[in-house]
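An overview of the molecular structure
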Amino acid sequence: MAIHDPFPENIKQPVRQVAAYLWVERLARLGYAAKGLVYFLVGLLAAQAAFGTGGETTDTSGALEAIVTQPFGKLLLIIVTIGLIGYAFWRFVQTILDPEHSGETMSAKRIAKRLGYAFSAIAYFSLAVTSIKLIVGSSSGDSDSVEDWTIFFLNQPFGRWLVLLLGLTVIIVGIAFLYQAYTGKFRRYFKLAQMSLTEEIWAVRLGRFGIAARGIVFAIIGIFMMLAAIQLDGTQARGLGGALSALAMQPFGPWILGVVALGLIAYGMYSIIQARYRNLTKDINLR
């Protein structure tokens, strides 16, 4: 049975026209850089905690709070916020147009990937809202959004099964990241012709280390979600910061946390490289 594109052409065409503007590409590249900075700070703070030099295990919201407390922090956070909005918008474009597979036959795998883009767009738009709150002086709070959403879903009909399914999905995403790190196929998204051999080598090394670390974190988050569903206790769920804290409490925890933290730093650097060299115009196939 053929699977049809969920978005008709009368929806895709205006999105394609807007995405064709040069400022959209620049905003998307700023988005990759902003995402990279956030992950770099999450990894740096976790590494400091692991090696006993200060710092703490925190999530992306905590990284934004670390930015705003620095000299000229609000100005930097404004730039980061614009980037996060740009990244969320680019994920929305990818959801509608699926540019990486334009012209290919629709499949369940492609639909799942587009759903992933949609969830990413929502997550980074939500993070941008948190950033705006910090800029205007409103605390983002210490609540764990993953825990909050898990509690909400568990209180709904069939909530336990939904959370189990979501947890399993997050684990599968984590495994997919690990596979992506192993194969190194992400290099096809770079403008390799514009990169020196040294730049290409380091982009692949940082990408593999960083994506693998992110895969480990996703798998842990998924495991905690499934545990929350099994025990019908939403407080068992953990987000990024909680997953890092869980690593720290394991045997040889500081060493394990340190390696994963360095991986998140690598992922931040990899995202910043993407801001410069990712082949966005080829992705969108517009110009």
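Residues numbered from 1 in each chain as written. Predicted model: local features only at pLDDT ≥ 70, side-chain atom pairs only at ≥ 80, totals over all residues. Heavy atoms only, no water.

What about the pattern of salt bridges?
Note that side chains of opposite charge can pair when their charged atoms are close. Scanning all chains against the criterion turns up two salt bridges. Put simply, Glu200 and Arg187 hold a salt bridge, and the shortest N to O gap is 2.0 Å. Taken together, the residues Glu200 in helix H8 (residues 197-231) and Arg187 in the loop between helix H7 (159-183) and H8 connect sequence positions 13 residues apart. (Salt bridge = Lys/Arg side-chain N within 4 Å of Asp/Glu carboxyl O. Helix = DSSP H or I, 4+ residues; strand = E, 2+ residues; numbered from the N terminus.)

As for H8
Between its first and last C-alpha, H8 extends 51 Å over 35 residues, near the 51 Å set by a 1.5 Å rise per residue. Positive phi appears at Leu232, one or two residues downstream of H8, with a value of about 50°. (Expected span 1.5 Å × (residues − 1).)

Points about the environment of Val80
Positionally, Val80 belongs in helix H4 (residues 73-97). Using a relative accessible area of 4% as the deciding quantity, one classes Val80 as buried. Residue contacts for Val80: discarding those within four places in its chain leaves Ala34, Leu37, Val38, Leu64 and Ile67. (Buried < 20%, exposed > 50% of the residue type's maximum accessible area, 1.4 Å probe, protein only. Contact = heavy atoms within 4.5 Å.)

So, the packing of aromatic side chains
Tallied over the full model, the rule gives eleven aromatic pairs. Arranged with centres 5.1 Å apart and planes meeting at 75°, the rings of Tyr39 and Tyr267 form a pair that is edge-to-face. Placement of Tyr39 in helix H2 (residues 22-50) and of Tyr267 in helix H10 (residues 253-277) is noted, with a sequence separation of 228 residues between them. A residue is classified by how much of its surface remains accessible, and Tyr267, at 4% relative accessible area, is buried. When the centroid spacing of 6.3 Å and the interplanar angle of 35° are considered together, the rings of Phe89 and Phe92 count as tilted. With Phe89 and Phe92 both in helix H4 and three residues apart, this pair spans about one turn of that helix. The exposure class of Phe92 is partly exposed, given its relative accessible area of 39%. Within the aromatic cluster, the residues linked to one another by ring pairs are Tyr39, Phe186, Phe190, Tyr267 and Tyr270. For the cation-ring pair, Arg205 lies above Trp202, with the distance from its terminal atom to the ring centre recorded as 5.2 Å. (Phe/Tyr/Trp six-rings, centres within 6.5 Å; stacked < 30°, edge-to-face > 60°. Lys NZ or Arg CZ within 6 Å of the ring centre and 35° of its normal.)

Quick word on the side chain of Thr150
In this structure, Thr150 sits in helix H6 (residues 145-154). Judged by its relative accessible area of 3%, Thr150 falls in the buried class. Here Val146 takes part through its backbone oxygen, which lies 2.7 Å from a polar atom of the side chain of Thr150. The contacts of Thr150, once residues within four sequence positions are left out, are Val163, Ala228, Gly234 and Ala237. (Polar contact = N/O pair within 3.5 Å; in protein donor to acceptor, adjacent residues only side chain to side chain.)

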